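Here is what each chain is made of, one letter per residue.
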Number of protein chains: 2
Amino acid sequence: MTDSVKYLLPEDKLPKAWYNLAADLPAPLPPPLHPGTLQPVTADDLAPIFPRAVIEQEMTQERWVEIPEPVCEVYRLWRPAPLIRARRLEKALDTPARIYFKYEGVSPAGSHKPNSAVPQAFYNKQEGVKRLATETGAGQWGSSLAFAGSLFGLEVEIYMVRISYNQKPYRRALMETYGARCIASPSPLTNAGRAILEKSPESNGSLGIAISEAVEVAATRDDTKYALGSVLNHVCLHQTVIGEEAILQMEMAGDRPDVVIACTGGGSNFAGLAFPYIRENLKNGGKTRVVGVEPASCPSLTRGRYAYDFGDTGHLTPLTKMHTLGSTFMPPGSHAGGLRYHGMSAMVSHVKELGLMEARAYWQTECFAAAVQFARAEGIVPAPESSHAIKGAIDEALRCKAEGKAETILFNLSGHGHFDMQAYTDFFAGNLRDVAFEEEELKAALEALPKVG
Amino acid sequence: MTDSVKYLLPEDKLPKAWYNLAADLPAPLPPPLHPGTLQPVTADDLAPIFPRAVIEQEMTQERWVEIPEPVCEVYRLWRPAPLIRARRLEKALDTPARIYFKYEGVSPAGSHKPNSAVPQAFYNKQEGVKRLATETGAGQWGSSLAFAGSLFGLEVEIYMVRISYNQKPYRRALMETYGARCIASPSPLTNAGRAILEKSPESNGSLGIAISEAVEVAATRDDTKYALGSVLNHVCLHQTVIGEEAILQMEMAGDRPDVVIACTGGGSNFAGLAFPYIRENLKNGGKTRVVGVEPASCPSLTRGRYAYDFGDTGHLTPLTKMHTLGSTFMPPGSHAGGLRYHGMSAMVSHVKELGLMEARAYWQTECFAAAVQFARAEGIVPAPESSHAIKGAIDEALRCKAEGKAETILFNLSGHGHFDMQAYTDFFAGNLRDVAFEEEELKAALEALPKVG
C-alpha cells in the first residue's frame, strides 16, 4: 500500500466502456412486462419515451458498451473522480481496518447522477429530441439532467416531488441556473397529476407520482422524451464508470477491498460501484463482500417482496420484477429523499436473489450521526443518502476493531450535502425523528401488488 | 498545447513551499504601525493575538516558506486543485482566446480559504492554543476555519456578520457540522459588539465590526488566539499554493497566460494566483498582465485612497498602508459578501502602487449574468465573489475576439456558489439590484482617515 491520501487517475485512464453485468449473470434477468399484454416489453413499446440508443442499452447483453467521445469529453470535467483513503476516520474509530471511499460529489451537480444524465442527454440530442421530461425527489437527478441538458442544448422539464420542491428552494435554483424548468408534482399539467390533486389537493407528492407525470408528458408530446435517473438497466450501466475507476485506483493504492458498500434507493449508485466488483467475484470466485444499505423507513431490499410491480403510482410503466414495497406504498418522509422509492432496480434485485450481495437497513438519525463524524474527520459533508453508506462503513470498521481484523473497506460517497443543510440543522436541534411506516400499510400495499408471474 | 479538459498534478507535485512576494518587491512594503505609538508593529505587539509562527510569517523576507508536512497531508484531501480549460465557454463566446481557470471550489469548505485556515489551525495547535476566534462575512472563511479546527482539535468561535447570519442559515449549519460555534455580530458578548448595539440595536453588522469582536476575544482570553482569513501577509503567503500549482499546470497544458485574473475583496485569492506570476514578470521582464476585479459597490482599489487606516471598525488593529474606503465606510449590501470590505491587503495595495497589476470594478448584476453563462457552459455554479473574475475573463475573451487575438486567459474560480443560491433566485426573479454608495459617504469616510504618514 502507498501512503497517499487520494488516488487520482489521469484523464487518459477514464474507462472507455461501461460494464454490463447482464452479460455475466449466472441466471438471466426476468424481463419487464407490458402492463396490458403481460408479454415481455419490446423496443417498440419503449420507443415513444426513450431514444433508440438508450433502449438498445436497456436490453443489450453485450458485456462492454463503448462510452461515446462527446460523453467522455463532458465526464472529463470531473472524472476520473478521486478515490480517497479516510485515514482520519480510521484514526477517529481506532480501527485496524483501512477505509477508502470513492467520491462522486466532485461532479458539477454534486452527485453520481451526471454519470447517466450526460449520456442520456447526448443520445437524445443525437436523435433529434428537443425536450426531456423527468422527475426528481431530493433534486440530485433533476439538477444533473438540467446540467447535462444545458451542455447539449436540450430543454429540460422536471417534475419535483412537492415536499422537496417546498423544502429545497436552492435545488430548484440550481436547476434553473442550468436553464431547466422545475414544476411541483403533483401538478395540474398532466392527467396523472390532476387525478392525484382531485383526491388530495394537499398531496406532498412522491417519486412514483412524479414519474407518472414525466412519462405522460413524454408519451403525449412528439418533441419530448423521458429520462429516468435510477432503477433501469441503462442507468446502472452508465454508473459502472464508478466501479471501473475504483478498481484501477485500488490497484494504485496496492490494496483490494474485502467489503464494498453503497446506499440503495433505486439502486444506481450501488450498481455503479458494486457491479464491477461482482464481476470480479464471479470471474475469480472472489470473496469481496458487497453490501447495499437502505433506509429503514423505506426498506425494499430487506422488507419488500420480490415480485412484478409498477415503477410508478399512475401505473404507466412496464411491470418489473423487483424488490418492492408496493407501488401504492407511501414511504414516510425522511431527509434521504433520493432513497424514498417503493421499488428497486431489477438488476440489483436479481443480484440480491442470486445471493451476490447483502442488504441492511438503517434509521436516518444514526446515519446523520455517522455523517457528522465523517465530516469532522474528512472535511466532506455528505448527502443524507450517502450517509447510509458511511454508517455501513463505520459499522464494518468497528466490527474489524472488535475482531482485530485489518480488512479493507470501500464505500461510495455518492454526493455532498450542500443542498441538504436543513437536515443537519434539524439533526443538531434534535428535531430529526425516525419515522417507521405502519406495518398494516405495508401489508396492504403488498396485497395490492399486481397478480403476475 | 494538449487537448485535455483539465490538468491534474499528482500529489507529489504539491508545492513544498509557499512563495513570499516580499522577497522580490522592487520597493519595500510600508510597515504596519501601532495605533498608539505610530511606530512599526513588533512581533511582541502581535503576540497576544497570533501564534509565534504566524507572526514570523507575517514579517518574514524569506522568498520561500516551507509548508509543514501535517499541513500538506490535509492539503492533499483536495490539492493539487484542478486547472480546467473552459473550452465550452470559449465556444459559447466564439472567441479565439483560450480560457483556463484554476478551481478552488473542490476544497471541503468549497473555496480557497482552507489554504490558509489549515496552516493557521496547525500553527496554533502546535503552540498549545485551545481556541480560535474569527469573523466571517459570507461564511466562506468561517466554514474553512471550522473545518480546519475540526481536523486539528481546536475549538472555533466565529463572529458572523449579522445580515449573513440571517440570510445564510446553511452556512451556519456547515460551520456547526464541523463543530464550530457561530455568533451573530454585533453580539452582546464583547465590548466592541455592545458599543455598536447600544447605538444601533438593529445593526446588520459588517466585517469591520466582526473583526473587532474576534480580536477582542483573542486579546482578552489566554486560551484563545485570533485568525484572519484575508488581507494579512501570511494569508497571502499561504494562498500562493494556488499560483505555484497553476504555473506547473499551465506548463502541462503547453501554454502560458497573457492575462491572469482574480477577484479582490481583502486580496487573498488574488494574491494566491497572481503573486507567483508577478514574480515571473519581475524575474523575466515578463509581460503577463495581472488584473484584480472588485465590486463597484465597494471599490477600494479603484476608488479608495492609498493611506494608513485601521483594518476594523473598533480600531483595535494596527494601522496599515493600503487602498481604503475608510474604516467608517459602510459598503452597500451585495451578494458578494466576501468582497464587502473597506480595505485591501497591504501587499496587494503596494503591488498596485508599483504598477505591477491592473484593477477594475463591476456591478453585481453583470457578474451574475456572467456566472450563469459560465454555469451553463462549464457546469460549475460559481460563488458571487468568483463571478467577478469570470466577468473579467469574459470581457478579456470578448476583447480578444474583437481584436482577433488568440490570447491565453487564466482566472481563479475561488469557490462554488452552493451556499449562495438565494442570490441566483433573486437574480432570476429580477430582484437583484446594483446599489451604489453615496459619494458623500465615501468622501466623509476618507476625510475621517487617521492622519498618519
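Residues numbered from 1 in each chain as written. Chains lettered and ligands numbered in written order. Predicted model: local features only at pLDDT ≥ 70, side-chain atom pairs only at ≥ 80, totals over all residues. Heavy atoms only, no water.

### Some points on the overall build of chain A
Within chain A, the regular secondary structure consists of 19 helices and 15 strands. A compact globule built from 453 residues would reach a C-alpha radius of gyration of about 22 Å, and chain A, at 20 Å, matches this within 12%. Counting only C-alpha atoms, chain A reaches 60 × 50 × 45 Å along its principal axes. In chain A, buried positions account for 66% of the 453 residues. Sequence separation of at least 24 residues holds for 76% of the intrachain contacts in chain A that already meet a minimum separation of 6. Just so you have it, chain A exposes about 15,300 Å², and 51% of that area is on carbon and sulfur atoms. Across chain A, the 45 positively charged side chains and the 52 negatively charged ones have centroids separated by 3 Å. (Helix = DSSP H or I, 4+ residues; strand = E, 2+ residues; numbered from the N terminus. Rg over C-alpha atoms; globule rule 2.2 N^0.38 Å. Buried < 20%, exposed > 50% of the residue type's maximum accessible area, 1.4 Å probe, protein only. Contact = heavy atoms within 4.5 Å. Areas by Shrake-Rupley, 256 points an atom, 1.4 Å probe, with all protein chains shown as cover. Lys, Arg positive; Asp, Glu negative; His and termini not counted. Charge placed at Lys NZ, Arg CZ, Asp CG, Glu CD.)

### A word on the interface of chain B and chain A
Taken together, the contact between chain B and chain A spans 43 residues of the former and 43 residues of the latter. Taken over both partners, the interface formed by chain B and chain A buries close to 3,800 Å², and the fraction arising from carbon and sulfur atoms is 58%. Linking chain B with chain A are four salt bridges. Here Glu11(A) makes a salt bridge to Lys6(B), at a shortest N to O gap of 3.7 Å. (Buried area = accessible area lost by both parts, 1.4 Å probe. Salt bridge = Lys/Arg side-chain N within 4 Å of Asp/Glu carboxyl O.)

### Quick word on the sheet that holds strand β4 (residues 83-85) of chain B
Residue and element names in this part refer to chain B. Read across the sheet, seven strands follow the order β1-β4-β5-β15-β10-β11-β14 without closing on themselves; strand pairing throughout is mixed. The sheet terminates laterally at β1 (6-7) and β14 (358-362), the two strands that pair on one side only. Relative to β14, strand β11 (residues 289-295) runs parallel, the two sharing five bridges. Bridging across to β14, Val291 finds its partner in Glu358. Each of β1, β4, β5 (98-103) and β15 (408-413) touches helix α12 (residues 241-252); the most contacted strand, β5, lies at about 140° to it. (Pairing = 2+ DSSP bridges. Axes fitted to C-alpha atoms, helices over the stretch in contact; angles between N-to-C directions.)

### A few points about the relation of the copies chain B and chain A
Overlaying chain B with chain A gives an RMSD of 0.0 Å, the required rotation being 180° about an axis along which the chain moves by 0.0 Å. What the superposition gives is, in effect, a two-fold axis relating one chain to the other. For chain B, the minimum C-alpha distance to the rotation axis belongs to His418(B) and amounts to 3.1 Å. (Least-squares fit on C-alpha atoms with pLDDT ≥ 70 in both.)

### Topic: the sheet that holds strand β7 (residues 155-161) of chain B
All names here are of chain B. Sheet architecture is open: four strands sit in the order β8-β7-β6-β9, paired in parallel fashion. With partners counted over all chains shown, the strands left at the sheet margins are β8 (181-185) and β9 (224-226), one partner each. If you compare each strand with its neighbour and ignore which way they point, the axes differ by 25° on average. Note that strand β6 (residues 131-136) and β7 share six bridges and pair parallel. Looking across to β7, one finds that Leu132 is bridged to Val156. Docked against the sheet, helix α8 (residues 169-177) engages β6, β7 and β8, running at close to 170° with respect to β7.

### What to know about a negative patch on the surface
Negative charge collects at one region of the surface, where Glu438(A), Glu440(A), Glu441(A) and Glu447(A) lie side by side. Under the relative-accessibility criterion, Glu441(A) is labelled partly exposed at 43%. (Patch = residues over 30% accessible without salt bridge, like charges linked within 9 Å, V, L, I, M, F, W, Y side chains within 5 Å.)

### Brief notes about the packing of helix α9 (residues 191-199) of chain A against helix α10 (residues 207-220) of chain A
Packing of α9(A) against α10(A) brings their axes to within 7 Å, and their N-to-C directions diverge by 145°. For the pair α9(A) and α10(A), the contacting residues are Asn191(A), Ala192(A), Gly193(A) and Ile196(A) in the first and Ile209(A), Ser212(A), Glu213(A) and Glu216(A) in the second.

### Notes on the state of the cysteines
Per the counting criterion, the structure on display carries zero disulfides over all chains. Of all cysteine sulfurs in the structure, the one in Cys236(A) sits closest to Cys72(A), which takes part in no disulfide; the separation is 20 Å. Cysteine Cys400(B) remains unbridged, with the sulfur of Cys367(B) as its closest cysteine sulfur at 19 Å. Assessed through its relative accessible area of 0%, Cys400(B) is described here as buried. (Disulfide = S-S within 2.5 Å.)

### A look at helix α15 (residues 346-353) of chain B
All names here are of chain B. The buried fraction of α15 is high, at six of eight residues. All of the buried residues along α15 are Ala346, Met347, Val348, Ser349, His350 and Val351. Elements that come into contact with the buried residues of α15 comprise α11 (233-239), α13 (268-284), α14 (300-303), β12 (305-310) and β13 (319-324). Backbone nitrogen of Met347 and a side-chain oxygen of the N-cap are separated by 3.2 Å at the start of α15; the cap is Ser345. Trailing α15 by a residue or two, Gly355 shows a phi angle of about 75°, which is positive. (Polar contact = N/O pair within 3.5 Å; in protein donor to acceptor, adjacent residues only side chain to side chain.)

### A look at the domain arrangement of chain A
All names here are of chain A. Domains assigned within chain A are domain 1 (5-13 + 79-110 + 238-447) and domain 2 (47-67 + 113-233). Inter-centroid distance (C-alpha atoms) of domain 1 to domain 2 is 23 Å. The partner domain 2 presents 32 residues to the 35 residues of domain 1 that form the contact. For the pair domain 1 and domain 2, the summed buried surface comes to about 2,700 Å²; carbon and sulfur atoms form 58% of the total. Contact with domain 2 buries area across many residues of domain 1, yet Ala109, His238 and Phe419 alone supply 26% of it, more than any other trio. For the interface between domain 1 and domain 2, the tally reads one salt bridge. (Domains from an automatic or database assignment.)

### Thoughts on the packing of aromatic side chains
Here the structure, examined in full by the defined rule, presents 33 aromatic pairs over all chains. Taking 6.0 Å as the distance between ring centres and 65° as the angle between the ring planes, the aromatic pair formed by Trp78(A) and Phe147(A) counts as edge-to-face. Placement of Trp78(A) in the loop between α3 (69-75) and β4 (83-85) and of Phe147(A) in helix α6 (residues 140-152) is noted, with a sequence separation of 69 residues between them. Residue Trp78(A) is classed as buried on the basis of its relative accessible area, which comes to 5%. Measuring from ring centre to ring centre gives 5.6 Å for Phe101(B) and Phe411(B), while their planes differ by 25°; the resulting arrangement is stacked. Linking Phe101(B) in strand β5 with Phe411(B) in strand β15, this pair joins segments that are 310 residues apart in sequence. Relative accessible area serves as the criterion here: at 0%, Phe101(B) is assigned to the buried category. A relative accessible area of 0% means that Phe411(B) is categorised as buried. (Phe/Tyr/Trp six-rings, centres within 6.5 Å; stacked < 30°, edge-to-face > 60°.)

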